[in-house]
Amino acid sequence: MNSMYEVTVTTGDISQANTYNKVFITLVDTDGKKSDHTWLRSKNGVASFSIGAVSTFPVSSPASLGNLLLIELDKQPNPPFPEDSWFLSQVTVKSPEGDTYNFPVYRWISDGQVHQFREARALRASEDITVTGMDWRKNDLTQRMDDYSWDVYIDGIAHCMKADSPLSLPCEVRSTFTRTIQMGYTVLKGLVELKLKGLADNQENWTHIDDIEQVFCYRFTHLSDRVQNLWRNDAFFGYQFLNGVNPMIIQSCTVLPENFPVTDDMVFPSGQCRLEDEMRKGNIFLCDYKLLDGVITNVINDKKQYLAAPLILLHRTANDTLMPIAIQLKQKPAEDNPIFLPTDSEYDWLTAKIFVRSADFNMHQLNFHLLRTHLLAEVFAVSLLRNLPMVHPLYKLLIPHTHFTLQINFLARQLLISDDGVFTKFAASGGEGMITIMRRAQSSLTYSSLCIPDDITERGLDSVPNFYYRDDGLRLWDIIHRFVQGLLGHYYKNDAEVQKDSELQSWIQEIFEHGFLSKDSAGFPRNFNTVAELVKFVTMVIFTGSCQHSAVNSGQYDYGGWMPNTPTSLQQPPPTTKGTTSKATMLQTFPDISTTVHGMSTLWLLSRQYSDFIPLGHYPNKHFTEEIPRKWIHDFQEDLKRLSDDIKARNKSLDIPYTYLDPAVVENSVAI
Ligand code: FE2
């Protein structure tokens, strides 16, 4: 007598997820025994697979099946309907004995092939001991190596996914259409939204600061209009090194760099302090843009551009304000490379700060934004997709943290840094300079600099007051670490289980090779020996793709929308003597009108929150169904909610709220 199973199919609740095609299923047990290959049809017809539909069908099996291990699904044309793409969320099967089996899918099915999906229980290879399970695993990994390949975009920087277009990516990672469409208009859309389209080709210089105000007035964020008022202010200039869009360059200074000969007379002219004492007390800070030294600069609209490689000294005052006290715009001390001081003329000092802000833009975008979040997140994702089967616990944990990363990076390569990309055309380092900076940035990469607790200590910033990036970032790191430790600790009971997991070891080995370019001296793991090493690395992976990216991405328009605070490029060289600057030279130094508006519109698009945004720790796709991992996810979400409440409460008392690491606005993955 046939056994009857009850199969419930959930179609995704996203645009165009439905199918009009015929859907067939076969149930497979751990011994490889199969049910009938069954057409899932009901009186509802094609409505059974409409967007968000949950539909139940009977499936019979000639023989009684044991524990279910797999489902096999295929989709066939259903004339007169054309073949279409179906986003299948999950399948649940109830056996005649009353057992329930869950099959997470969460992907598009576009072709007529048979697709196999594993039951939800997470298994390492050594636990996947049935012949059917082992066969599936082997085939899945072979297919993954075919589907995902490494590519080199620029020699000497982290590798990327080989793909012809975002739409050619394998179904497993093909995104919802929403964001692709929203992103599709890119810069042109930004120009339209900011009502700047008429200025896009205007190659004239700005002649009045009021004119910049006129174009800026169409779009404010909660912060960008404050920036417009504060951009000349020294305390605000200092504040941005801690809590602006690039909190990554500042470090404690205990010894002056040899190439930055600042004296007590320069910075404490009335003898109020001594540099040496202040350095000993931990009150002196340094920002050094040496990575930009000697970089070949762009030519924009036929005009040569300039980029400084400055050194900045900052002093923590008695009222805990970080004040810039000296700026040298080129690395090599020389007569024609003056050290600018707050006591210089208004425009000498302001011009020096403008060169710093422009240098910071170029450094921030290429090193701390593109390389250290976008490109590394892609490496973590590609290695995951190549080396870990869908049933592996680490796949289940990390796949939500890869959402849209391959697509956004493809678009970044196509639209921002390609030969006619907006960064290439309108940033001082666009073109050859960009490649030099990226290579130097890659060489400067260390494991500890990616792990915020280590990074903060190494930069000597443990006790700097009013450093909200650090405060919120460290709490987030701890919360993620606790979650990863709890969840992976459920699957890896001891170090030997980590050492023996060849799939896991392949994941880290490919990251070491393709992300860290096999650099031995920078502290990166090339394999995992202990559970603790694994937990730390996975914490870094999640933190980098979510929190760190949010910290360096979300404030781009806040701080860069008002161009004078963040010029993408400058049209005059750094002054070689004091006393030669004025309001007029400042305006000549600023980027021209077309460069300004292209910069503004790009930063606007890259700082927006999109409608399919998923906040950190939210997993609408249920890859884990077991009780213990579900509990860890629940606790993770509770911890994040508490932190979000604390950050919101703290921000109420701040003149400038620091919002970028509020878990409610941190996205799960690098997706913009
Ligand atoms: Fe980004």
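The model shown is predicted, which means the values in this text are computed figures rather than measured ones. (Residues numbered from 1 in each chain as written. Predicted model: local features only at pLDDT ≥ 70, side-chain atom pairs only at ≥ 80, totals over all residues. Heavy atoms only, no water.)

Our focus in this paragraph is the sheet that holds strand β8 (residues 115–118). Ordered by their spatial adjacency, four strands build an open sheet running β3-β2-β5-β8, and the pairing between neighbours is antiparallel. Looking at which strands have only one partner, the edges of the open sheet turn out to be β3 (38–39) and β8. Summarising the sheet, strand β5 (residues 68–76) and β8 pair through four bridges and their orientation is antiparallel. Pairing of Ile 71 across the sheet is with Phe 117, part of β8. (Pairing = 2+ DSSP bridges. Helix = DSSP H or I, 4+ residues; strand = E, 2+ residues; numbered from the N terminus.)

For the rest of this paragraph, the subject is the domain arrangement of the protein chain. If you check the domain split of the protein chain, you get domain 1 (3–120), domain 2 (160–174 + 376–558 + 603–651) and domain 3 (208–360 + 559–594). Between the C-alpha centres of domain 1 and domain 2 there is a distance of 33 Å. Taken together, the 11 residues of domain 1 in the interface contact 13 residues of domain 2. Buried area between domain 1 and domain 2, summed over both chains or domains, comes out near 1,100 Å², and the portion from carbon and sulfur atoms is 55%. (Domains from an automatic or database assignment. Contact = heavy atoms within 4.5 Å. Buried area = accessible area lost by both parts, 1.4 Å probe.)

It is worth spelling out the pattern of salt bridges at this point. Taken as a whole and assessed by the stated rule, the structure comprises 34 salt bridges. Salt-bridge contacts for Arg 232 lead to Glu 346; the nearest nitrogen and oxygen are separated by 3.6 Å. One end of the pair, Arg 232, is in the loop between α5 (224–230) and α6 (234–243); the other, Glu 346, is in helix α9 (residues 346–387), with 114 residues separating them in the sequence. Classification of Arg 232 as partly exposed rests on a relative accessible area of 33%. Judged by relative accessible area, Glu 346 falls into the exposed class, the value being 53%. (Salt bridge = Lys/Arg side-chain N within 4 Å of Asp/Glu carboxyl O. Buried < 20%, exposed > 50% of the residue type's maximum accessible area, 1.4 Å probe, protein only.)

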